[in-house]
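Descriptive structure summary
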Amino acid sequence: MSEAFLVAKGIAKRFGGLTALSDVDLEIRAGEVLALLGDNGAGKSTFIKVLAGAHPPSEGQILVAGQPVSFASPKDAAASGIATIFQELALSENLSISENVYLGRELKHSVLGVPFLRRKEMKQRVAELLKELDAHISDPEAPVGSLSGGQRQSVAICRALNLNAKLVIMDEPTAALAVAETRKVLALIRKLAERGCAVVLISHNISDVFEVADRMVVFRRGRKVAERLRAETELEEIVALITGAHPDVRALEKAQ
Amino acid sequence: MHRLTQATSLLTGRELILLAACVVITIAFASVSPVFATPENAATIMRNSVELLLIGLGMTLLLAMGGIDVSIGVVMGLSAIAVGRALGANLDPALAAAIGPLTGALLGLVTAAVVVLGRIPAIVGTLGLLGVYRTAIFVVLGGQWLSGLPTGLTEMLGTSLVGVPLSFWVIALAYLAVWLALRRTPFGLHLLAIGNSEEKARLAGISVTKVRFAAFLISGMLAGLAATFYVATYRNVEMTTGSTLALDAIAAVVLGGTSILGGRCSLIGTVLGVMLLRILQNGLLLIGVPSLWQTVVTGGLLIAVLSFEALAGRLSFAKLGWASR
Ligand SMILES: Nc1ncnc2c1ncn2[C@@H]1O[C@H](COP(=O)(O)OP(=O)(O)OP(=O)(O)O)[C@@H](O)[C@H]1O
Ligand SMILES: [Mg+2]
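Cut-offs and rules
Residue numbers run consecutively from 1 along every chain, following the written order of its sequence. Going through the entries in the order they are written, you letter the chains from A and number the ligands from 1. Where local features are concerned, this predicted model is filtered to residues with pLDDT of at least 70; where side-chain atom pairs are given and counted, the filter is 80 or more; whole-chain, interface and lining totals use all residues. Think of the side-chain values as coming from all heavy atoms in the structure, minus any hydrogens and water. Secondary structure is summarised from DSSP: a helix means a run of H or I of at least four residues, a strand means a run of E of at least two, and numbering begins at the N terminus for each. An expected span of 1.5 Å times one less than the residue number is assigned to each helix. Working definition: with a 1.4 Å probe on protein chains only, accessible area under 20% of the residue-type maximum means buried, over 50% means exposed, and in between means partly exposed. Here the arc refers to the directions that run from the helix axis out to each C-beta atom. Two residues qualify as a contact provided that any one of their heavy atoms is within 4.5 Å of a heavy atom in the partner residue. Each of two parts loses accessible area, computed with a 1.4 Å probe, when they are put together; buried area is these two losses added. Salt bridge, as applied in this entry: a Lys or Arg side-chain nitrogen positioned within 4 Å of an Asp or Glu carboxyl oxygen. Two N or O atoms form a polar contact when they lie within 3.5 Å of each other; inside protein one atom must be a possible hydrogen donor and the other a possible acceptor, and for residues adjacent in sequence the pair counts only when both atoms belong to side chains. Polar here means any residue outside two lists: the nonpolar Ala, Val, Leu, Ile, Met, Phe, Trp, Tyr, Cys and Pro, and the charged Asp, Glu, Lys and Arg; Gly therefore counts as polar. UniProt positions are given in the numbering used here, feature names are shortened, and annotations may be inferred rather than shown by experiment. Comment: axis = line fitted to C-alpha atoms, over the contacting stretch for helices; angle = value between 0 and 180 degrees taken between N-to-C directions. A crossing counts as left-handed when the near helix is turned anticlockwise from the far one by less than a right angle, and as right-handed when that turn is clockwise. For two strands to pair, DSSP has to find at least two bridges joining them. Every residue gets a pLDDT, meaning the predictor's confidence in that residue, from 0 to 100. Pairing of aromatic rings covers Phe, Tyr and Trp, the last through its six-membered ring, and needs centres within 6.5 Å; plane angles under 30 degrees mean stacked, over 60 mean edge-to-face, and all others mean tilted. For crossovers, right-handed means that the path from the first strand over the helix to the second runs clockwise, given strands pointing away from the viewer. By convention a nonpolar core is built from buried Ala, Val, Leu, Ile, Met, Phe, Trp, Tyr and Cys residues, the set being connected through side-chain atoms within 4.5 Å. Nearness is judged by heavy atoms alone; a residue qualifies as near a molecule or strand once a single heavy atom is within 4 Å of it. What sets the accessible areas is the Shrake-Rupley method with a 1.4 Å probe; for residues, cover comes only from the shown protein chains.

Let us now look at helix 13 (residues 294–311) of chain B. Residues spaced three or four apart along an α-helix face the same direction, because each turn holds 3.6 residues. Residues and elements named next belong to chain B. A rise of 1.5 Å per residue sets the reference length of helix 13, with its 18 residues, at 26 Å; its end C-alpha atoms lie 26 Å apart and thus fit the reference within 8%. Those residues of helix 13 that sit buried are T298, G299, L302, V305, L306 and E309. The buried residues of helix 13 occupy an angular sector of 130° when projected down its axis, which confines them to one face. Residues of helix 13 that are exposed and angled more than 90 degrees away from the buried face: I303, F308 and L311. In the core, the buried residues of helix 13 are packed alongside helix 1 (13–32), helix 11 (245–255) and helix 12 (267–286). At the C-terminal side of helix 13, G313 shows a positive phi close to 80°.

It is worth spelling out the interface of chain B and chain A at this point. With 22 residues of chain B in contact, the opposing surface of chain A contributes 28 residues. Buried surface at the junction of chain B and chain A, both sides included, amounts to about 2300 Å², of which 61% is carbon and sulfur. When the buried area of chain B at its contact with chain A is split by residue, L189, K200 and L203 of chain B rank highest and sum to 28% of it. There are one salt bridge connecting chain B and chain A. In this structure, K200 of chain B and E93 of chain A form a salt bridge, with 2.6 Å as the shortest nitrogen-oxygen distance. At the junction of chain B and chain A, the tally comes to eight residue pairs in polar contact (both at pLDDT 80 or more). Elements supplying a minimum of two residues to the side of chain B that touches chain A: helix 7 (166–184), helix 8 (186–196) and helix 9 (198–203) of chain B. No other element matches helix 8 of chain B, which puts six residues into the side of chain B that touches chain A. For the side of chain B that touches chain A, the residue count by class is ten nonpolar, eight polar and four charged.

Turning next to the UniProt feature "transmembrane region" (unreviewed entry) in chain B. All names here are of chain B. UniProt's feature table lists "transmembrane region" (unreviewed entry) at residues 16–38, 50–83, 95–117, 124–146, 166–182, 211–232, 252–277 and 284–308, given in the numbering used throughout. Note that residues 50–83 is 79% helix and 0% strand, and that its end C-alpha atoms are spaced 17 Å apart. For the annotated span residues 252–277, helix accounts for 58% and strand for 0% of the residues, and the straight-line distance between the end C-alpha atoms is 7 Å.

Attention now goes to the side chain of H246 of chain A. Residues and elements named next belong to chain A. Within the secondary structure layout, H246 lies in the loop between helix 8 (235–243) and helix 9 (247–255). Given a relative accessible area of 11%, H246 falls into the buried group. Aside from chain neighbours lying at most four places away, what touches H246 is R228, E237, A240 and L241.

Take the packing of helix 2 (residues 39–64) of chain B against helix 11 of chain B next. Residue and element names in this part refer to chain B. As a packed pair, helix 2 and helix 11 sit with axes 8 Å apart at the nearest point and diverge in direction by 65°. Crossing handedness for the pair helix 2 and helix 11: right-handed. Seen from helix 2, the contacting residues are E51, L52, I55, G56, M59, T60 and L63; seen from helix 11, they are L245, A246, D248, A249, I250, V253 and V254. Across the contact of helix 2 with helix 11, the residue classes break down as ten nonpolar, two polar and two charged.

Residues and elements named next belong to chain A. Sheet architecture is open: six strands sit in the order 6-9-10-3-11-12, paired in mixed fashion. Two strands in the sheet have a free side with no partner beyond their single neighbour: strand 6 (82–85) and strand 12 (223–229). Taking each pair of neighbouring strands and ignoring which way they run, the sheet shows an average axis angle of 20°. As paired strands, strand 3 (residues 33–38) and strand 11 (residues 215–220) are joined by five bridges and run parallel to one another. Residue pairing across strands places G38 opposite F219, the latter belonging to strand 11. Those strands touched by helix 1 (residues 44–51) are strand 3, strand 6, strand 9 (167–171), strand 10 (198–202) and strand 11, and its axis lies near 140° from that of strand 3. Contacts from helix 6 (residues 179–194) reach strand 3, strand 9 and strand 10 within the one sheet, and its direction differs from that of strand 10 by about 150°.

All names here are of chain B. Chain-level statistics for chain B give a pLDDT mean of 92 and a share of 94% at 70 or above. In the model, residues 321–325 has pLDDT below 50 throughout and makes two contacts with residues more than four positions away in sequence or in other chains. Taken over the whole predicted complex, pTM reads 0.83, whereas the ipTM for its chain interfaces reads 0.83.

Residues and elements named next belong to chain B. In the structure shown here, the tally under the stated rule is four aromatic pairs over all chains. Ring centres of F29 and F36 lie 5.3 Å apart, and the angle between their planes is 45°; this geometry places the pair in the tilted category. You'll find F29 and F36 in the same group, each marked buried.

This brings us to the pattern of salt bridges. Residue and element names in this part refer to chain A. The final tally for this structure, using the stated rule, is 20 salt bridges over all chains. Between E27 and R29 there is a salt bridge, with the nearest N and O atoms lying 3.3 Å from each other. Overall, the relative accessible area of 34% leaves E27 in the partly exposed class. The closest approach of N and O atoms between D248 and R228, which form a salt bridge, is 3.4 Å. Placement of the pair is D248 in helix 9 and R228 in strand 12, with a sequence separation of 20 residues. Given a relative accessible area of 42%, D248 falls into the partly exposed group. Given the relative accessible area of 18%, R228 is considered buried.

Residues and elements named next belong to chain A. Within strand 10, five of the five residues are buried, leaving the element largely enclosed by the surrounding structure. Bridge count for strand 3 against strand 10 is four bridges, and the pairing is parallel. Bridging from a neighbouring strand, L34 pairs with V200 of strand 10. As judged from the five bridges shared by strand 9 and strand 10, these two strands associate in the parallel manner. Bridge pairing links L167 to A198 in strand 10. With helix 6 bridging strand 9 and the parallel strand 10, this β-α-β connection has right-handed handedness.

One finds I97, I189 and I238 of chain A together with M59, L191 and V231 of chain B to be the most contacted residues of the largest nonpolar core, which totals 153 residues. With 13 residues, helix 10 (residues 208–234) of chain B is the single largest residue contributor to this core. For M59 of chain B, the residues in contact, after removing those within four places along its chain, are I68, D69, I72, A246, A249, I250 and V253 of chain B. Core analysis: the second largest hydrophobic core is formed by 27 residues, V64, L167, A198 and F219 of chain A among them.

Residues and elements named next belong to chain A. Around ligand 1, the surrounding shell holds 14 residues, and the nearest of these are N40, K44, S45, T46 and H204. Here K44 contributes a side-chain N or O atom positioned 2.7 Å from an oxygen atom of ligand 1. Note that an oxygen atom of ligand 1 is positioned 2.7 Å from one of the side-chain N or O atoms of H204. When ligand 1 sits alone it has 630 Å² of accessible area, and the protein chains cover 63% of it. When contributions to the shell around ligand 1 are tallied by element, the ones reaching two or more residues are strand 2 (18–29) and helix 1. Considering every element that reaches the shell around ligand 1, the biggest residue donor is helix 1, with three residues. In terms of residue class, the shell around ligand 1 is built from four nonpolar, seven polar and three charged.

Here is the structure:
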């Protein structure tokens, strides 16, 4: 197993009086698909928002390639090679596919100091990516708001690929998808990992997770309660860990 | 469906309707008033549209990003005082002309500071500023009009360049600059993304604060430029200068197809909206409707367009938590 790309130590996040995360330690490795599991409100989305630079952690430290980092914005995280596909897909419905793929980091050329968009190149590159992903979108200039859930997911993945991300974080990428589109996205996740990307995946669909994940981490009430390699666990054990029926979790929660 | 961010055809349906409406009311007024369809009156309408057009361009940017500025007319008023004072002090007309956009830009920064840094909804923040600026105008003018200002600025803007007055070139350049910024630079894309959802724009890595500051700055600058034109034309500034322009501009821009909730805009639409409004106001005056009714017409039109869009499902105020109880 390769060295950790990202190490999170003692991460806590509070929203006013609400503690959404406390004392989370986690390592994320290149070429590995790591699944985050847990009930609704367990803190999964909050955790990846911390990794993505969308929320500053209340406590704790993040190391990328051994160096401590602090992200003031998603842009900082992106600069460290972290791309995130949020649960509520952070796409702008009123903009086109290529505009979305490049939003915030457009290709431009400067004329008299004024940055002008290089639309043609952006469209070309996005067309290539879409082809690579085997995404069938008839009109790449249509506003993203008019696309299906699966198509939007491909746009979001396109965006991450285009960032040349070393870590791609996906929050429930298949939640809104039909069977065929789900298969496609799962295959894509494996492809990302084979390319040497680290992938963090949040999903409520445990059989999907067993299909693609190398390692699984279970969250409960803002804490990391278990970590398992796929080869060393069973579907039933993971379910028990999520629901809190597992003896390990019981012991842990009693101790607090 | 959403309007694409790039015009694929020359005019959208909305813009064609506006154009048709301009033609229809022109024919209607011409058939009633003998004065309406004269070249002199056409020139008057054009002349009366200048300030509104410039302010409308800025308002289009603001609405596109989900902002607004109800103090913008008074910003023009204050800038006009600055230009007027400069002229009155016999400053070189070229310098006096520059003082307009400069003052406007400065006031635009103040607006941005209040709204963006103060984290207040733009409509509330600029309403507060409207109150402040109104009194500021009163205090600065001391109850007296600026009038009988020197003609230097008027002459300068009237200078013919390739057979067309300089003022035309300045306005054309302003339009072109705003169009380029909106459709050809990252700034325009970011503006529309913020108008769609500020949170998503931020997640995409856009520096929302910077973009919003820039938009208010540009809008203020355009209002200041409008002030320069105003002073050049009328050579006086009164207490009420610009007081109806914010309403006019919002109405014209919304008529033009820009969403009052942001994320969708049309500059051509704004031009057509300005034309429609000014033709309507001019024609009504000529057929004997008292000028008092002008703001009624503008306000009525604004309300009509917005409810039409809301009823057609193109606007959902619930998105902002703006319940209309
Ligand atoms: N911006 C916020 N402000 C306040 N509370 C928040 C915020 N974001 C999340 N929370 C709270 O933090 C807790 C963890 O939420 P989070 O979204 O991380 O859960 P999750 O594990 O992703 O759940 P789900 O599976 O439903 O997506 C919840 O109680 C949630 O209400
Ligand atoms: Mg979640």
